[in-house]
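Each chain, letter by letter, is given below.
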Amino acid sequence: MRVFNFASGPAALPLEVLEQARDELTDWRGSGMSVMEISHRSKAFMAVAAEAEADLRELLAIPGDYKVLFMQGGATAQFSAIPMNLARTDACADYINTGAWSKKALGEARHYCKINVAADGAASNYTSVPLRADWKLTPGAAYLHYTPNETIGGVEFPFVPQVDAPLVADMSSTILSRPLDVSRFGLIYAGAQKNMGPSGLSVVIVREQLLGHAREGTPSVWNYQAVADDGSMLNTPPTFAWYLSGLVFKWLKRQGGLGAMAQRNRAKAELLYATIDSSGFYRNPVDPACRSWMNVPFVLAKPALDKTFVTEAAESGMTNLAGHRSVGGMRASLYNATSIEAVRALTEFMREFARRHG
Ligand SMILES: *Cc1c(COP(=O)(O)O)cnc(C)c1O
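Residues numbered from 1 in each chain as written. Predicted model: local features only at pLDDT ≥ 70, side-chain atom pairs only at ≥ 80, totals over all residues. Heavy atoms only, no water.

**Let's talk about the site of the ligand**
Surveying the vicinity of the ligand reveals 13 residues, the closest of which are Thr76, Thr151, Asp170, Gln193 and Lys194. Ala75 places a polar main-chain atom, nitrogen or oxygen, 3.2 Å from an oxygen atom of the ligand. Between the ligand and Gln193 there is a distance of 2.9 Å, counted from an oxygen atom to a side-chain nitrogen or oxygen. In isolation the ligand offers 390 Å² of accessible surface; the protein chains occlude 87% of this area. Counting residues per element, the shell around the ligand draws most heavily on helix H3 (residues 74-86), which supplies 4 residues. (Near = heavy atom within 4 Å. Polar contact = N/O pair within 3.5 Å; in protein donor to acceptor, adjacent residues only side chain to side chain. Areas by Shrake-Rupley, 256 points an atom, 1.4 Å probe, with all protein chains shown as cover. Helix = DSSP H or I, 4+ residues; strand = E, 2+ residues; numbered from the N terminus.)

**Considerations on empty space enclosed by the protein**
Inspection of every chain in the model, using the stated rule, returns 1 cavity of 30 Å³ or more. Around the largest cavity sit 13 residues that line it, and Pro14, Asn195, Val248, Asn336 and Ala337 are the ones nearest its centre. Looking at side-chain class alone, the lining of the largest cavity contains 9 nonpolar, 3 polar and 1 charged residues. In this structure, the lining of the largest cavity is formed jointly by two domains, domain 1 (16-254) and domain 2 (256-357), each of which donates at least three residues. (1 Å grid on protein atoms, 1.4 Å probe; cavity = no way out; pocket = protein on both sides within 12 Å on 5 of 7 lines; lining within 4 Å. Points joined across faces, edges and corners; volume = space filled by probe spheres on them. Nonpolar A, V, L, I, M, F, W, Y, C, P; charged D, E, K, R; others polar. Domains from an automatic or database assignment.)

**Comments concerning the pattern of salt bridges**
Oppositely charged side chains may form a pair once their charged atoms are brought near each other. This model, assessed by the stated rule, comprises 17 salt bridges. As a salt-bridge pair, Glu208 and Lys67 come within 3.9 Å of each other at their nearest N and O atoms. Of this pair, Glu208 sits in the loop between strand E10 (202-207) and helix H5 (224-229) while Lys67 sits in strand E2 (residues 66-71), and the two are 141 residues apart along the sequence. With a relative accessible area of 35%, Glu208 lands in the partly exposed category. (Salt bridge = Lys/Arg side-chain N within 4 Å of Asp/Glu carboxyl O. Buried < 20%, exposed > 50% of the residue type's maximum accessible area, 1.4 Å probe, protein only.)

**Considerations on the domain arrangement of the protein chain**
Looking at the assigned domains, one finds that the protein chain contains domain 1 (16-254) and domain 2 (256-357). Averaged C-alpha coordinates put domain 1 and domain 2 at centres separated by 27 Å. If you look at the interface, domain 1 gives 25 residues, while domain 2 gives 25 residues. In total, domain 1 and domain 2 occlude about 2000 Å² of area from one another, counting both sides; carbon and sulfur atoms represent 58% of this. On the domain 1 side of the contact with domain 2, Thr127, Ile152 and Arg178 bury the most area, a combined 24% of that side's loss. Summed over the shared surface of domain 1 and domain 2, the number is 0 salt bridges. Here domain 1 is connected to domain 2 by 16 residue pairs in polar contact (both at pLDDT 80 or more). Every element with two or more residues in the side of domain 1 that touches domain 2 is listed here: helix H2 (43-60), strand E7 (155-156) and helix H6 (239-254). Partitioning the side of domain 1 that touches domain 2 into residue classes produces 10 nonpolar, 10 polar and 5 charged. (Contact = heavy atoms within 4.5 Å. Buried area = accessible area lost by both parts, 1.4 Å probe.)

**So, the layout of surface pockets**
Each pocket or cavity is described by its volume, and for the largest pocket that value is around 480 Å³. Lining the largest pocket are 28 residues, with Glu156, Phe157, Pro158, Arg178 and Trp293 positioned closest to its centre. Among the elements that make up the lining of the largest pocket, the one with the highest residue count is helix H7 (residues 257-277) (4 residues). Here the lining of the largest pocket gathers at least three residues from each of two domains, domain 1 (16-254) and domain 2 (256-357).

See below:
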């Protein structure tokens with residue numbers, strides 16, 4: 001039996017996709033082999049790769065002057081690849097620090113160039129996005145990096161920043177959750193395992209103009225120009241993750257695309273926040289204007305009940321609700337593959353739990 005899975009990443013995948021992968025696992029499209037057992041340079045796999053890119057381009061309406069790269073190393077490798085490709089050693093890059101993931105991103109980048117933390121959410125204990133008017137941007141910055149959705153803190157930007165420098169966004173936990181105007185960005189990157197597919201793959205969407213400036217000594221697997229020139233196949237790519245993400249892109253198209261996903265995701269988030277806010281028992285600390293649609297942290301009025309909550313939820317078929325180890329409490333991640341039925345079940349359980357223990 002499948003459970004309602006609220007994992008933050010690796011996260012739930014659509015059942016239809018898993019069933020398709022299962023059905024064609026041992027004899028993929030009449031080849032007598034699995035998709036994992038064939039060359040990445042075979043005609044058959046090249047077609048899978050090209051189709052995944054075409055579907056992703058269609059879903060996000062990615063303009064023609066952007067490259068889509070399929071890479072490894074997760075979003076974490078991009079924390080370093082970005083400055084190696086976009087900033088000279090004497091350049092300065094601006095970062096907005098809104099929590100755990102932006103902090104990690106800028107911590108890595110410090111090894112490669114000067115970093116200016118243009119705004120920091122510390123004053124709100126990272127429960128809000130610093131007011132745009134207060135940002136201290138560097139004139140001529142190599143780029144501005146921000147984390148549109150902080151997966152651990154549950155803080156999401158309610159706007160796309162308007163800045164002169166190329167805008168770089170870590171969309172690991174929000175990509176494909178709603179339509180996006182890609183032309184506003186210089187570079188978008190995301191690890192696959194939250195809202196796209198299995199771990200092992202990351203996607204980089206980058207304006208062509210920004211390519212070709214990698215610093216001396218950049219390993220070729222991290223050099224965007226080199227990766228683009230070889231169609232993301234300068235070495236063996238994670239073929240299964242690429243294939244499976246491609247199935248997810250097709251599933252998203254069948255759901256009606258990102259407009260339809262946005263409606264569902266908004267409804268899921270609204271239901272859960274309304275349940276929390278009206279409970280008198282649960283609390284979400286995030287500024288209501290910056291609440292994430294994808295990751296909803298909440299605490300119980302009686303933290304001593306945390307373990308009981310997690311155990312009883314699991315007994316009712318709802319898993320992975322414990323908060324990140326750094327913050328405690330609870331967190332429900334509501335990515336695309338998490339249905340409104342899952343959120344209804346969770347909110348009913350929460351109301352019932354509060355009634356019994358409140
Ligand atoms: C999960 C996550 C990461 C780290 O991703 P890896 O693929 O494990 O490197 C980085 N940024 C954000 C916003 C995330 O949610």
